[in-house]
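# An overview of the molecular structure
Residues per chain are reported as follows:
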Amino acid sequence: MPTMKAAVFVEPGKIVLDQKPIPQVGPGDALIKVTTTTICGTDVHILKGEYPVAPGRIVGHEPVGVIEALGPAVTSYVVGQRVIAGAITPCGQCHACLDGHQAQCGGKPIGGWRFGNTIDGCQAEYVLVPNAMANLAPVPDGLSDEQVLMCPDIMSTGFGGAESGGIKIGDSVAVFAQGPIGLCATAGAKLKGATRIIVVDGLPERLEMARRLGADVPIDFRKADPIAEIMRLTEGRGVDVAIEALGTQQTFESCLRVLKAGGVLSSLGVYSGKLSLPLDAIAAGLGDHKIVTTLCPGGKERMRRLMNVVAAGRVDLKPLVTHRFKLDQIEQAYDLFAHQRDGVLKIAITP
Ligand SMILES: [Zn+2]
Ligand SMILES: [Zn+2]
């Protein structure tokens, strides 16, 4: 059986480069030869054992590649075509998908997230894409791998936070945390028409990147109290939409405390343990606040739209690629990314 190199989860604390069989193509699948992929914060949760996946699972959920083989039921694609697939791979046919909740495919929470979770992922030479006709999105001519590398996950997720927040032209928006997803939420808020985007982080290079992507006011939480500062900037009203992009009680609560009555808290973080709602921050439940959560939207139409945004020059996320490694060096790449050394934002991995 022919084999390929792949990053494999072994046990908490251990993701290693190993040899795995090249997947067999089923009727509705596509085999993609991966040309570029990247590591996500979620992969670090898997590495640390904070999100359980089966030992032996190939990790990674952000594939850019070329069609190597197609199942007999897959039409309207050709071998050799450059494609991406979303981190979330909905079936396109179940109740949840047809009801507009593709990320929750199958009707279970997070059901659409399969790559590197419930099926093998794409930090490998090849990846099998299930339900290929619902998921393969051809890359427009002229766009490089790195230009579309953020579409499968962080761009879709970050923009999703801005979209779920229902941002309107002229809105004031606060985004708490400017890691890769928070930065994409900032870019999404700008595209949605927010005219005052206030971003909070503790790393100057991230605040600088946020400015490049559309932030108007950066706040370094180590130098100023973000809640007082945001309330001052909005003349005591609070923001229309607050986006949470970290997944902690503190950032979630801060979002509530800077939100206007009737505002929307759009949550993107992955929380652990318990999340509590301080009643004074939500007017004892009578402030007309909305809290919405979003898992990365997937599927080929979502990917087509995001690549359109890139092709139209509306957003350039390539500067988020701060480091480049070969698949052979994936263990080093994980070490750098997990420890957030050297100003790392995203790492392009090429097999
Ligand atoms: Zn991810
Ligand atoms: Zn489905």
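Thresholds applied
- Residues numbered from 1 in each chain as written.
- Chains lettered and ligands numbered in written order.
- Predicted model: local features only at pLDDT ≥ 70, side-chain atom pairs only at ≥ 80, totals over all residues.
- Heavy atoms only, no water.
- Helix = DSSP H or I, 4+ residues; strand = E, 2+ residues; numbered from the N terminus.
- Rg over C-alpha atoms; globule rule 2.2 N^0.38 Å.
- Buried < 20%, exposed > 50% of the residue type's maximum accessible area, 1.4 Å probe, protein only.
- Contact = heavy atoms within 4.5 Å.
- Lys, Arg positive; Asp, Glu negative; His and termini not counted.
- Charge placed at Lys NZ, Arg CZ, Asp CG, Glu CD.
- Phe/Tyr/Trp six-rings, centres within 6.5 Å; stacked < 30°, edge-to-face > 60°.
- Donors = N, O, S within 2.8 Å, 3.2 Å for Na, K, Ca; no water.
- Pairing = 2+ DSSP bridges.
- Axes fitted to C-alpha atoms, helices over the stretch in contact; angles between N-to-C directions.
- Right-handed = clockwise from strand over helix to strand, strands pointing away.
- Tetrahedral: all angles 85-135°; square planar, octahedral: opposite > 155°, others 65-115°.

## Regarding the overall build of the protein
Along the backbone of the protein there are 11 helices and 15 strands. Taken against the 2.2 N^0.38 rule, which gives 20 Å for 351 residues, the C-alpha radius of gyration of the protein at 20 Å falls within 12% of a compact globule. Projected onto its principal axes, the C-alpha positions of the protein cover 65 × 40 × 40 Å. The proportion of buried residues among the 351 residues of the protein is 53%. For the protein, the share of sequence-separated contacts (at least 6 apart) that also reach a separation of at least 24 residues comes to 68%. Of the side chains in the protein, 34 bear a positive and 35 a negative charge, and the two mean positions are spaced by 3 Å.

## Side note on the packing of aromatic side chains
Counting across every chain of the model gives 2 aromatic pairs. Here Y51 and W113 contribute two aromatic rings whose centre-to-centre distance is 5.0 Å and whose plane-to-plane angle is 45°, an arrangement assigned as tilted. Linking Y51 in the loop between α1 (41–47) and β4 (64–70) with W113 in the loop between α2 (95–98) and β6 (126–129), this pair joins segments that are 62 residues apart in sequence. You can call W113 buried: its relative accessible area is 7%. Ring plane angle 90° and centroid distance 5.8 Å describe the contact between F252 and Y271, whose orientation is recorded as edge-to-face.

## So, the environment of G263
Residue position: G263 is located in strand β12 (residues 259–267). Contact partners of G263, with chain neighbours within four places excluded, come to D240, D288, H289 and K290.

## Here we look at the coordination of the zinc ion (ligand 1)
Donor atoms from the polypeptide that bind the zinc ion (ligand 1) are C40 (SG), H61 (NE2) and D153 (OD), placed at 1.7 to 2.2 Å. The buried category is assigned to H61, whose relative accessible area is 2%.

## Some words on the sheet that holds strand β8 (residues 172–176)
Hydrogen bonds between backbone groups are what pair the strands of a sheet, and the pairing can be parallel or antiparallel. The 6 strands are arranged β10-β9-β8-β11-β12-β13 in an open sheet whose pairing can be described as parallel. Two strands lie at the open edges of the sheet, namely β10 (217–220) and β13 (290–293), each paired on one side alone. Taken over all neighbouring pairs, the strand axes of this sheet differ in orientation by 20° on average, direction set aside. As paired elements, β8 and strand β9 (residues 196–201) share 5 bridges and run parallel to each other. Residue pairing for β9: F176 is matched across the bridge by V200. In the packing of helix α9 (residues 249–257) onto the sheet, the strands contacted are β8, β11 (239–244), β12 and β13, and the crossing angle to β12 comes to about 150°.

## Focus: the pairing of β12
Here β11 runs beside β12; their pairing, made up of 5 bridges, is parallel. What sits directly across from E244, in β12, is S267. Crossover handedness for the path β11 to α9 to β12: right-handed. Bridge count between β12 and β13: 4 bridges; the pairing is parallel. Bridging across to β13, S267 finds its partner in T293.

## A short note on the coordination of the zinc ion (ligand 2)
Looking at the zinc ion (ligand 2), one finds its protein donor set to be C91 (SG), C94 (SG), C97 (SG) and C105 (SG), positioned 2.3 to 2.4 Å from the metal centre. Geometry at the zinc ion (ligand 2) is tetrahedral, judged from its 4 donor atoms and the angles of 102 to 116° they form at the metal. The sequence motif formed by the donor residues of the zinc ion (ligand 2) is C-x2-C-x2-C-x7-C.

Everything listed here is a matter of coordinates, which is why it stays silent on function.
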